[in-house]
Amino acid sequence: MHQAARRVIIVAVMQIRTAFPSDLAGILAIYNDAVLTTTAIWNETPSSYAERLAWFEERTGAGFPVLVAEEGTEIVGYGTFGPFRPHEGYRPTVEHSIYVAPAHQGAGIGKAMLRELIKAAENMGKRVMVGAIDAANDVSLVMHEAMGFREVGRMAGVGEKFGRRLDLVLMQRELSGRHH
Ligand SMILES: CC(C)(COP(=O)(O)OP(=O)(O)OC[C@H]1O[C@@H](n2cnc3c(N)ncnc32)[C@H](O)[C@@H]1OP(=O)(O)O)[C@@H](O)C(=O)NCCC(=O)NCCS
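Residues numbered from 1 in each chain as written. Predicted model: local features only at pLDDT ≥ 70, side-chain atom pairs only at ≥ 80, totals over all residues. Heavy atoms only, no water.

### Focus on the packing of aromatic side chains
So, step 1. Evaluation of the coordinates by the stated rule reveals 4 aromatic pairs.
So, step 2. On the basis of an interplanar angle of 75 degrees and a centroid distance of 6.1 Å, the ring pair of Trp55 and Tyr78 is categorised as edge-to-face. Highlighted residues: Trp55 in helix α2 (residues 49-61) and Tyr78 in strand β3 (residues 74-83), separated in sequence by 23 residues.
So, step 3. A relative accessible area of 2% places Tyr78 in the buried class.
So, step 4. A ring pair is formed by Phe84 and Tyr90, whose centres lie 5.6 Å apart and whose planes are at 80 degrees; its orientation type is edge-to-face.
So, step 5. Among the aromatic side chains, those forming a connected cluster through ring pairs are Trp55, Tyr78 and Tyr99.
So, step 6. The ring of Trp55 has Arg52 lying over it, and the distance from NZ or CZ to the ring centre is 4.4 Å. (Phe/Tyr/Trp six-rings, centres within 6.5 Å; stacked < 30°, edge-to-face > 60°. Helix = DSSP H or I, 4+ residues; strand = E, 2+ residues; numbered from the N terminus. Buried < 20%, exposed > 50% of the residue type's maximum accessible area, 1.4 Å probe, protein only. Lys NZ or Arg CZ within 6 Å of the ring centre and 35° of its normal.)

### Examining the environment of Glu88
So, step 1. The residue Glu88 is located in the loop between β3 and β4 (93-100) in this model.
So, step 2. Note: C-alpha distance between Glu88 and Arg164 (76 residues apart in sequence) is 34 Å.

### Some points on the site of the ligand
So, step 1. Surrounding the ligand, one finds 17 residues, the nearest of these being Val100, Gly108, Gly110, Lys111 and Asn137.
So, step 2. In this structure, Ile98 approaches the ligand through a main-chain N or O atom, which is 2.8 Å from a nitrogen atom.
So, step 3. Contact with the protein chains covers 69% of the free accessible surface of the ligand, which is 920 Å².
So, step 4. Elements represented by at least two residues in the shell around the ligand include exactly β4, α3 (109-123) and α4 (138-146).
So, step 5. The dominant element in the shell around the ligand, judged by the number of residues it contributes, is α4, at 4 residues.
So, step 6. By residue class, the composition of the shell around the ligand is 10 nonpolar, 6 polar and 1 charged. (Near = heavy atom within 4 Å. Polar contact = N/O pair within 3.5 Å; in protein donor to acceptor, adjacent residues only side chain to side chain. Areas by Shrake-Rupley, 256 points an atom, 1.4 Å probe, with all protein chains shown as cover. Nonpolar A, V, L, I, M, F, W, Y, C, P; charged D, E, K, R; others polar.)

### Focus: the pairing of β4
So, step 1. Of all 8 residues making up β4, 6 are buried, and the element is well covered by its neighbours.
So, step 2. As paired strands, β3 and β4 are joined by 7 bridges and run antiparallel to one another. Each residue of the ladder has a partner; that of Gly77, found in β4, is Val100.
So, step 3. Across 3 bridges, the pairing between β4 and strand β5 (residues 128-134) is parallel. Bridged to Glu95 within β5 is Val130. (Pairing = 2+ DSSP bridges.)

### Quick word on the UniProt feature "domain: N-acetyltransferase" (unreviewed entry) in the chain
So, step 1. In this numbering, the UniProt entry assigns the feature "domain: N-acetyltransferase" (unreviewed entry) to residues 14-176.
So, step 2. Along residues 14-176 one finds 31% helix and 36% strand; the C-alpha atoms at either end are 27 Å apart. (UniProt positions renumbered as here; feature names shortened; annotations may be inferred.)

### Here we look at the nonpolar core
So, step 1. With 25 residues, the main nonpolar core has Phe81, Ile98, Leu114, Leu117, Ile118, Met129 and Phe149 as its most contacted residues.
So, step 2. For this core, the element with the most residues is α3, which contributes 7 residues.
So, step 3. Formed by 16 residues, the second largest nonpolar core is a distinct cluster that contains Trp55, Val66, Tyr78 and Tyr99. (Core = buried A, V, L, I, M, F, W, Y, C linked by side-chain atoms within 4.5 Å.)

Below you can see the structure in the form of structure tokens.
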């Protein structure tokens with residue numbers, strides 16, 4: 001008689017939390033992978049740890065959030081927002097970005113991160129959130145639409161990467177801006 005096979009399934013719990021400087025190596029790896037292999041970000045030069053640290057300090061020093069998605073002890077995604085444009089008059093508006101590690105995409109992490117960023121921006125009293133998205137990035141466009149963003153602009157050929165011209169889609173979502 002055979003003993004019934006027992007399967008052990010380990011489910012790592014995903015949590016989204018505020019990032020610490022100790023998360024920067026994980027953030028850097030995800031960022032550089034997107035730089036080298038995608039048109040999600042229109043940079044071609046990988047970033048260094050020192051540059052990411054300066055970015056983290058500037059962003060958090062200005063009161064903006066940097067969030068990470070963590071599974072077990074692994075950083076599997078991050079999200080953040082900052083000023084839409086530097087001028088004071090753009091104060092009601094933020095521009096966000098989200099990156100999920102390739103092996104963890106399509107599992108709901110991006111959407112969960114976007115939900116948390118929207119909440120954080122509303123808690124800061126912000127009124128509008130803007131995403132600037134590569135027009136070929138169907139997953140991101142669909143995700144933003146599903147989360148209440150609408151296309152407000154499409155700019156043909158404003159970018160260039162991997163020898164191709166790139167179009168930019170601007171999407172915006174109104175926020176409740178409850179807490180002033
Ligand atoms: C875009 C990105 C942030 C989305 O995060 P994700 O965790 O992969 O996406 P989710 O699993 O949360 O899916 C969000 C929605 O997108 C859609 N979607 C997800 N994967 C998809 C796929 N492979 N094809 C089509 N639609 C897809 C679904 O509608 C999904 O919502 P639903 O599951 O409720 O139907 C992530 O894929 C990523 O980091 N990509 C590379 C970097 C990037 O493009 N960043 C965004 C720059 S604007």
